[in-house]
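Examining the three-dimensional arrangement
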Amino acid sequence: MRALTPVSSPPLPVARVLRPAFARLRFLRSVWRRWFLWVLLAVLVLVLLVTVVWLAGRHEVEQTQNVLDRDTADAVSDLRVGLQRNAQTLRASLGEGVDRERWETRAADLLREHREWLRLEWRDAALQVRGAVDTPYRRHAFEDTRRGADQPDVLLACAAARKLGAPAYSPSHYVPFSQGTGFEVMELCLPVEGGAYLVASYSLRDTLIELVAPTLSRGQEVAFTEVDGTRLVAIGAPRRVGTRVFTAQQLIDLPGAPMMLRVDGWRAVPDLFPNMLTALVTAISIALVSVLVLLARDTRKRQRAERDLADALAFRKAMEDSVITGLRARDLQGRITYVNPAFCEMVGFGADELMSTDGEAPYWPTELAHEYQRRQAVRLAGAVPPREGFESVFMRKDGTRFPVLIFEAPLINAHGSQTGWMSAFIDISEQRRIEELSRASQERLQASARLATVGEMASLLSHELTQPLAAIASYASGSLNLLGADRSQQRSRDHDEVAMAVRRIAEQADRAGQVIRSVHDFVRRRDRTREAVAPHALIDAVLPLVRLQARKLGVRVEVALEERLPAVFCDRTLVEQVLLNLARNGMQAMDMPELTDRVLRLKVVRAGSVGRDGDGATAADARRWLEFSVADVGCGISPEVAERLFTPFFTTRPDGMGLGLSLCRTVVEQHGGVLMFEPQRPCGTIFRFTLPVT
Ligand code: ADP
């Protein structure tokens, strides 16, 4: 059924403008929904990677800073120990009963060993210099005149030392030398027995070199600074370009001279990839991003495959929905897994109803359910169904039964294993109805044929009986004349009675003649039933019957009609009977076991080769006559048979009557046509007859 399209007013211009906009919006929304998760994932991965790289970098910086802090603390502790040891060494130089000369010799030895000292002095309690020795590594480091008892740094250090009773240091001070150079110097004052002092002048720069630098690695700058950060002295490599500076400071809490040790270290590697860890994290990140890209590509491929699959499914569904053949799939347990709309329509049940049943199908007729169950069990056990299909009977929802033709095939999945059975159903109730109609029509035709045969016989009988009847009548009237001529007086009563009997005979013969004439008239009366009939209508009328018998005998029927043939003027029933007779004879002639390709050809053409007399055709004939032919490839007709072919009651078949061909010829000739036959090459016979066009 086709739904009627509702008549609607033309859409408003605004709606016309908005519709594509909405469609586009819907499309964009679906695209956005599909890509949103991917974009979100990519952003999250990016944020994660940046965070990991940043954290790794920061961790590296902290580690470097920690190492530098630790190294600086170690250096300060080493420096303290060194200074302490120096103080002890210095104290040891002034032993019991040491005079100035011996001390100066010892001091000179000490100065050779300790490059950080610039000068050693032995001062008395009033801080007057009793003995002094300068470092052999520098010339004229100090002017003796400037190193008196009133030198402020020494005063400060010794005052502190006296107060503490332990070595004390002076704050650093700058000592200028000649040629514009100078030293940053720190004094150590060491109180000794007898109120005297030993004073050592430290060069801060050499102290750094001797006591601090060996413990610190290269690539760093080491400096002594004031507590407020003012740089006093520094040693080490200058900072390189493209490096990052790390700074560590540590207080060197010397008694009397608080100072800071400052270390500036730098890393040569770029800040973005400071070490292996970060490089590793970065490499993993790149791998992660690559995997993400591959994943995205793979997803795109999958989406394309899904789209193709959806298209194929839609195509398949459209195909299944459009066919009129019912389709049904069953699994290996016999449960229905799929039905198409045609099948639902055929049986009258919905797809849900059919698929929810277990065991007996609802379309099995109750009386046959048991047999069908057995058939299903055989099929599920793996029996292969016949290729040409088999017939069965199904029941509609309303209880009516109908015949179906079933074709079954195993259902094979993508892995090549069987998952069930696929069946196709054709409702053959209409075909059965047509066959039934054909059968009835054939019976009717056969009845007409029998009648026609009777008519023929009657006609023959009438022809044959007319003469004896006429003879009887004339003998009777002759006898009466003879009896009437005898005028003698001796006419007996017997004589009258004989005359009466002869009169009666003459009357009955006359009556018999009338009966025969009326039968003849009855046969003749068929002329009045003639009409114009299209040749294809004649062929179409007999074709179902011919095909029915052809199927039984395994004969192929071929029909060929010339185009635009005119109608013929004939008694439709009789001509159909002729065609049927000739076709039946042809098919019976081909009923030989050795004959494999059995073909019967029905043909209608304008009379071209056969005239009314059978002696060549003319153009006028072609306009006036149509030629029907029935050709077979059967056993053919031998000359003996040909001689008697149209003789009534001649037959070669045990069950034949021998009236068919004779009747055919009569009918054709009644229409003014001619029936003839000829052998067909290489085997068989062609029967032809002509009929007049309207
Ligand atoms: P019947 O129907 O009893 O066979 P017919 O008059 O139709 O009588 O046929 C008479 C005989 O003619 C048949 O018995 C058969 O021997 C022969 N005959 C008719 N048609 C053919 C044919 N197409 N090929 C061979 N023989 C035929």
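Above this note sits the structure.
Residues numbered from 1 in each chain as written. Predicted model: local features only at pLDDT ≥ 70, side-chain atom pairs only at ≥ 80, totals over all residues. Heavy atoms only, no water.

**Re a nonpolar patch on the surface**
- A contiguous nonpolar surface patch, about 850 Å² in accessible area, is contributed by Trp32, Trp35, Phe36, Leu37, Val39, Leu40, Val43, Leu44 and Val47.
- With respect to the element layout, valine 39 can be found in helix H1 (residues 13-93). (Patch = residues over 30% accessible without salt bridge, like charges linked within 9 Å, V, L, I, M, F, W, Y side chains within 5 Å. Areas by Shrake-Rupley, 256 points an atom, 1.4 Å probe, with all protein chains shown as cover. Salt bridge = Lys/Arg side-chain N within 4 Å of Asp/Glu carboxyl O. Helix = DSSP H or I, 4+ residues; strand = E, 2+ residues; numbered from the N terminus.)

**Digging into the pairing of strand S11 (residues 326-331)**
- For S11, the tally of buried residues reaches six of six residues, placing the bulk of the element in the interior.
- What you see with S11 is no split at all: Gly326, Arg328 and Arg330 on one side and Leu327, Ala329 and Asp331 on the other are buried throughout.
- As defined by bridge partners, S11 adjoins strand S15 (residues 418-427) across six bridges and the pair is classed as antiparallel. Residue pairing across strands places glycine 326 opposite phenylalanine 425, the latter belonging to S15.
- Both S11 and strand S12 (residues 336-339) contribute to a ladder of three bridges, which runs antiparallel. By the bridge assignment, arginine 330 is partnered in S12 with isoleucine 336.
- Between S11 and S12, which pair antiparallel and follow one another directly, the connecting turn spans four residues, one of which, glycine 334, has a positive phi of 90°. (Buried < 20%, exposed > 50% of the residue type's maximum accessible area, 1.4 Å probe, protein only. Pairing = 2+ DSSP bridges.)

**Considering the site of the ligand**
- Close contacts around the ligand come from 18 residues, with Asn585, Thr652, Arg653, Met657 and Gly658 the closest.
- Side-chain polar atom of asparagine 585 to an oxygen atom of the ligand: 2.9 Å apart, as the coordinates give it.
- Protein chains shield 93% of the accessible area of the ligand, which is 540 Å² for the free molecule.
- For the shell around the ligand, the elements supplying multiple residues, two or more each, are helix H12 (572-589), helix H15 (660-670) and strand S22 (685-692).
- Ranked by the residues each element gives to the shell around the ligand, the list is headed by H12, at three residues.
- Split into classes, the residues belonging to the shell around the ligand amount to seven nonpolar, nine polar and two charged. (Near = heavy atom within 4 Å. Polar contact = N/O pair within 3.5 Å; in protein donor to acceptor, adjacent residues only side chain to side chain. Nonpolar A, V, L, I, M, F, W, Y, C, P; charged D, E, K, R; others polar.)

**With respect to the pattern of salt bridges**
- Counted by the stated rule, this structure contains 32 salt bridges.
- With a closest N to O distance of 2.7 Å, arginine 556 and glutamate 558 form a salt bridge.
- Looking at arginine 556, the relative accessible area reads 40%, which means it is partly exposed.
- You can call glutamate 558 partly exposed: its relative accessible area is 29%.
- Connected through shared salt-bridge partners, Arg119, Glu121, Arg123 and Asp134 make up one network.

**A closer look at the nonpolar core**
- Leu600, Phe628 and Phe689 are the most contacted members of the largest nonpolar core, which totals 48 residues.
- When residues of this core are traced back to their parent elements, those giving at least two are helix H9 (429-485), helix H11 (535-553), strand S18 (568-570), H12, strand S19 (599-606), strand S20 (625-631), H15 and S22.
- Residue contributions to this core peak at nine residues, all from H11.
- With residues near it in sequence (within four places) discarded, phenylalanine 628 still touches Pro535, Leu538, Val568, Leu579, Lys603, Val604, Phe687, Arg688, Phe689 and Leu691.
- Of all hydrophobic cores here, the second largest spans 44 residues; its members include Leu120, Leu216, Leu232 and Ile252. (Core = buried A, V, L, I, M, F, W, Y, C linked by side-chain atoms within 4.5 Å. Contact = heavy atoms within 4.5 Å.)

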